[in-house]
Amino acid sequence: MQIASNLSKIRNELPADIKLVVVSKTQTNKSILEAYQFGERVFGENRIQELVSKQESLPKDIEWHMIGHLQTNKVKYIAPFVSLIHAVDSFKLLKEINKQAKKNNRIIKCLLQFHIASEESKHGFTSLGEMNSLLSSQVFKGLSNVQIIGVMGMATNTNDEKQIRSEFKALKAHFEELKQSYFSEQKTFKELSMGMSGDYQIALKENSTIVRIGSNVFS
Ligand SMILES: *Cc1c(COP(=O)(O)O)cnc(C)c1O
């Protein structure tokens, strides 16, 4: 692996205001430390056990992002330290995050995940209607220990650039609609988490603000 040279190549392509989440799932602590020594401080994981054990053993100034599907009964394990949960895909999950955040005396930042891909397997809200009923409810307004700072999505795993581009455009449009309808007073609602190793150049052109890159770093 040429982690440092991979990272410098990626960093050179990323505008300064774009956030990079180094996706470290399945990687060893040694490899993660190499990225850390290069200067990276934001890492993303998609399995709870792995996330918890890496958080315990790696430097404490790392910001850990949970990027994968999160089961409600697992929230308690990461609530003490997680800095951003990317894939909130149900109201039930959001309520549990709020409950566990409260127990830890924290406000946990979250992104709402939209299902934009054509594959069945990917999680996320499928319509703005579903999202509208969540965001306009009284219960949502009472969730004072979560802060929604934007949206996240994954494009279809395909070589068809046109399809990827149109899925990212749809996500951006959803983001703008939510911002206008529910978050116009909140400057903190500004993040669009889209783009992985295979499609982040396209995502950047479609106004992504956070890219999540794993394989291009650890190869
Ligand atoms: C694995 C993963 C990534 C990174 O994928 P790469 O193709 O390795 O860059 C990004 N986002 C999510 C949600 C992932 O699970």
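What counts and what doesn't
- Residues numbered from 1 in each chain as written.
- Predicted model: local features only at pLDDT ≥ 70, side-chain atom pairs only at ≥ 80, totals over all residues.
- Heavy atoms only, no water.
- Helix = DSSP H or I, 4+ residues; strand = E, 2+ residues; numbered from the N terminus.
- Buried < 20%, exposed > 50% of the residue type's maximum accessible area, 1.4 Å probe, protein only.
- Contact = heavy atoms within 4.5 Å.
- Areas by Shrake-Rupley, 256 points an atom, 1.4 Å probe, with all protein chains shown as cover.
- Lys, Arg positive; Asp, Glu negative; His and termini not counted.
- Charge placed at Lys NZ, Arg CZ, Asp CG, Glu CD.
- Core = buried A, V, L, I, M, F, W, Y, C linked by side-chain atoms within 4.5 Å.
- Salt bridge = Lys/Arg side-chain N within 4 Å of Asp/Glu carboxyl O.
- Axes fitted to C-alpha atoms, helices over the stretch in contact; angles between N-to-C directions.
- Parallel < 35°, antiparallel > 145°, perpendicular 65-115°, else oblique.
- Left-handed = near helix turned anticlockwise from the far one by under 90°.
- Nonpolar A, V, L, I, M, F, W, Y, C, P; charged D, E, K, R; others polar.
- Phe/Tyr/Trp six-rings, centres within 6.5 Å; stacked < 30°, edge-to-face > 60°.
- Lys NZ or Arg CZ within 6 Å of the ring centre and 35° of its normal.
- Arc of directions from axis to C-beta.

A. Here's a closer look at the overall build of the protein. Counting secondary structure elements, the protein contains nine helices and eight strands. Taken along its principal axes, the extent of the C-alpha atoms in the protein is 50 × 45 × 30 Å. Looking at the protein residue by residue over its 219 residues, the buried ones come to 50%. Across the protein, contacts joining residues at least 24 apart in sequence account for 59% of those joining residues at least 6 apart. About 10800 Å² of surface is accessible on the protein, with carbon and sulfur atoms providing 48% of the total. Each charge sign in the protein was given a centre, from 29 positive and 23 negative side chains, and these centres are 5 Å apart.

B. How the structure looks around the nonpolar core. Among the nonpolar cores identified, the biggest contains 63 residues, and Ile78, Ile85, Leu94, Ile97, Cys110, Phe114 and Leu178 are the most heavily contacted of them. For this core, the element with the most residues is helix α8 (residues 161-182), which contributes five residues. Look past the residues within four positions of Leu178 in its chain and what remains in contact with it is Leu112, Phe114, Leu128, Met131, Asn132, Leu135, Val151, Phe183 and Phe189. Ranked by size, the runner-up nonpolar core spans nine residues in total, among them Val23, Leu84, Ile149 and Ile210.

C. Here's a closer look at the pattern of salt bridges. All chains considered together, the criterion is met by ten salt bridges. A salt bridge links Lys54 to Glu50; the shortest N-O distance between them is 2.8 Å. Here Glu50 and Lys54 lie together in helix α3 (residues 48-57), a separation of four residues that amounts to about one turn. When sorted by exposure, Lys54 lands in the same class as Glu50, which is buried.

D. Focus on the packing of helix α6 (residues 128-135) against α8. Running from N to C, α6 and α8 cross one another at 25°; their axes reach a closest spacing of 12 Å. Here α6 is positioned roughly parallel relative to α8, judged by the angle of their axes. In the crossing of α6 with α8, the sense of the turn from one axis to the other is right-handed. The residues of α8 that touch α6, namely those facing Leu128, Met131, Asn132 and Leu135, are His174, Glu177, Leu178 and Tyr182. When the residues that make up the contact of α6 with α8 are grouped by side-chain class, the tally is five nonpolar, two polar and one charged.

E. A look at the packing of aromatic side chains. This structure, assessed with the given rule, holds three aromatic pairs. Geometrically, the ring pair formed by Phe43 and Trp64 is tilted, given 6.0 Å between the ring centres and 40° between the ring planes. Remark: Trp64 occurs in strand β3 (residues 63-66) and Phe43 occurs in strand β2 (residues 42-45); sequence separation between them is 21 residues. Across this residue pair, the class does not change: Phe43 and Trp64 are buried. Here Phe183 and Phe189 contribute two aromatic rings whose centre-to-centre distance is 4.1 Å and whose plane-to-plane angle is 5°, an arrangement assigned as stacked. Side by side, Phe183 and Phe189 carry an identical accessibility label, which is buried. Among the aromatic residues, those joined into a cluster by ring pairs are Phe175, Phe183 and Phe189. Taking the ring centre of Tyr36 as reference, the NZ or CZ of Arg41 above it sits at 3.5 Å.

F. Looking closely at the side chain of His65. The topology assignment puts His65 in strand β3. Beyond its immediate chain neighbours, meaning those up to four positions away, His65 contacts Val21, Val42, Phe43, Gly44, Glu45, Ser83, Leu84 and His86.

G. Fine view of helix α2 (residues 29-38). Of all the positions in α2, only Ser31, Ile32, Ala35 and Tyr36 are classed as buried. Burial along α2 is one-sided: seen end-on, the buried residues are contained in an arc of 145°. Residues of α2 that are exposed and point over 90 degrees away from its buried face: Lys30 and Gln37. For α2, the elements touching its buried residues are α1 (3-13), β2 and α3. Phi for Gly39, located one or two positions after α2, is positive at around 125°.

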